[in-house]
Amino acid sequence: MTLDQQIDLLRAELTDATAAAADVGALDAVRVAALGKKGSVSALLASLGSMAPEERKSAGPAINGLKSEIAGLIEARGAALEAEALEARLAEETVDITLPLQPAPTARGRIHPISQTLDEITAIFSDMGFSIAEGPDIETDYYNFTALNFPEGHPAREMHDTFFMKHGPDGVKKLLRTHTSPVQVRVMQKTNEKPSASYITPSMDPPIRVVIPGRTYRNDSDQTHTPMFHQVEGLVLDKSSHIGQLRWVLEEFLKAYFEVPNVTLRFRPSFFPFTEPSMEVDVRCDRSGNEVKIGEGNDWLEILGCGMVHPNVIRNAGLDPDVYQGFAWGMGIDRIAMLKYGMPDLRQFFDADQRWLDHYGFRPLDLPTLFGGLSS
């Protein structure tokens, strides 16, 4: 085969290979196979040294012409492949400027109704001069029951109602607290120690005015009960507190929380081990429609429990019940959230359903304030 035939054959093979390259990687492989140090065109150029001078004069331009031609084809094919890749990328990343902008994360995010209700409660009671106190979820039997005047054998101590835990190395009987009332005792106890990392309770002497929001646990689950739920309790302790003040605090709170001008309360005798006297509180409402409307109508709805702090509880906290007296109240945060915002099933609070949260959730920057509106 003559040199011209070799050049024509190599030109045809490399032209076809260049045209068939589907991407930049394949095209680069063709370039190396043709123009690399061990490429086919480079091998022809290397053969010039063994040719006679007369033959070299004609072969040199022919081989160099082939090299330039193939290099040009590869460059042109590379430009075409880059253009195709750019066109495909532009088509894939096309932005329709006629579409509305995606909402910002602060607009898409939602505050859970429980968190919103906690913020509302905090705003109301802070305006009334109350401090916020917290306590541990894992409590001792003493703080959860004994210090709160629960007698031995009380039904609340039974396993079917309370989540008891195994005794620790110290032998102390522990449980998941069934109410936030243990924090009342922790707050009332006179101590100069700094709060531990497991809870925060203000170190103070009477007068005491605190509200205590937090998680509580009971072995119960249905449409209006869950094993873990939220409560808020309030405590006022000084030398002259009385039921009239308790009534005023509850009325002012319910008016502010439900954002109504007036509420009518009805107190009924009840029993709680840690208060004496103890009362259940009903609020006047309207049940005629699909929603419960607080502050109007002729129906009644039980809303919370309250009473004067039992002398034994004050005594167990290290204070003198002949000097100090106080009142306390407690209510379910989940329940008052359901009443205000029309939620039919308590279990949905814990389902983590994004659709439910989009519907009932609150915008993160709309912080509740008394002057701006709690739920506006």
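Residues numbered from 1 in each chain as written. Predicted model: local features only at pLDDT ≥ 70, side-chain atom pairs only at ≥ 80, totals over all residues. Heavy atoms only, no water.

How would you sum up the overall build of the chain? Please name residues and give values.
Check the secondary structure of the chain and you find twelve helices and ten strands. Scaling as 2.2 N^0.38, a compact globule of 376 residues should have a C-alpha radius of gyration of about 21 Å, whereas the chain reaches 40 Å, well beyond that. Overall size of the chain, expressed as C-alpha extent along the three principal axes, is 130 × 55 × 35 Å. A burial count over the chain gives 40% of its 376 residues as buried. Considering only contacts within the chain whose residues lie at least 6 apart along the sequence, 64% involve residues at least 24 apart. As displayed, the chain has an accessible area near 20700 Å², and 54% of this comes from carbon and sulfur atoms. Treating the 36 positive side-chain charges of the chain as one cloud and the 52 negative ones as another, the clouds have centres 4 Å apart. (Helix = DSSP H or I, 4+ residues; strand = E, 2+ residues; numbered from the N terminus. Rg over C-alpha atoms; globule rule 2.2 N^0.38 Å. Buried < 20%, exposed > 50% of the residue type's maximum accessible area, 1.4 Å probe, protein only. Contact = heavy atoms within 4.5 Å. Areas by Shrake-Rupley, 256 points an atom, 1.4 Å probe, with all protein chains shown as cover. Lys, Arg positive; Asp, Glu negative; His and termini not counted. Charge placed at Lys NZ, Arg CZ, Asp CG, Glu CD.)

Tell me about the pairing of strand E10 (residues 325-332), and name the residues and values.
Summarising the sheet, strand E5 (residues 228-238) and E10 pair through eight bridges and their orientation is antiparallel. Considered in E10, the bridge of Val236 is made with Phe327. In terms of strand pairing, strand E9 (residues 299-309) meets E10 through four bridges, oriented antiparallel. Counterpart to Cys306 in the pairing with E10 is Trp329. (Pairing = 2+ DSSP bridges.)

Can you lay out the pattern of salt bridges for me, pointing to particular residues and giving the numbers?
One pass over the structure, following the stated rule, counts 16 salt bridges. In the salt-bridge network here, residues are joined through shared partners; they are Arg266, Arg268, Asp282 and Glu302. (Salt bridge = Lys/Arg side-chain N within 4 Å of Asp/Glu carboxyl O.)

Give a detailed account of the side chain of Ser42, specifying residues and quantitative values.
You can see Ser42 is positioned in helix H3 (residues 40-46). Of the residues examined, Ser42 reaches a relative accessible area of 19% and is grouped as buried. Sequence-distant contacts of Ser42, that is, excluding residues within four places in its chain, are made with Ala34, Leu35, Gly36 and Lys37.

Describe in detail the packing of helix H9 (residues 243-258) against helix H11 (residues 333-341), supporting the description with residues and values.
The interhelical angle for the contact between H9 and H11, taken along N-to-C directions, is 50°, at an axis separation of 11 Å. Taken together, H9 and H11 sit at an angle that is classed as oblique. Note on element contacts: H11 touches H9 through Ile336, Ala337, Leu339, Lys340 and Tyr341, opposite Phe253, Tyr257 and Phe258. In the contact of H9 with H11, the residues fall into seven nonpolar, no polar and one charged. (Axes fitted to C-alpha atoms, helices over the stretch in contact; angles between N-to-C directions. Parallel < 35°, antiparallel > 145°, perpendicular 65-115°, else oblique. Nonpolar A, V, L, I, M, F, W, Y, C, P; charged D, E, K, R; others polar.)

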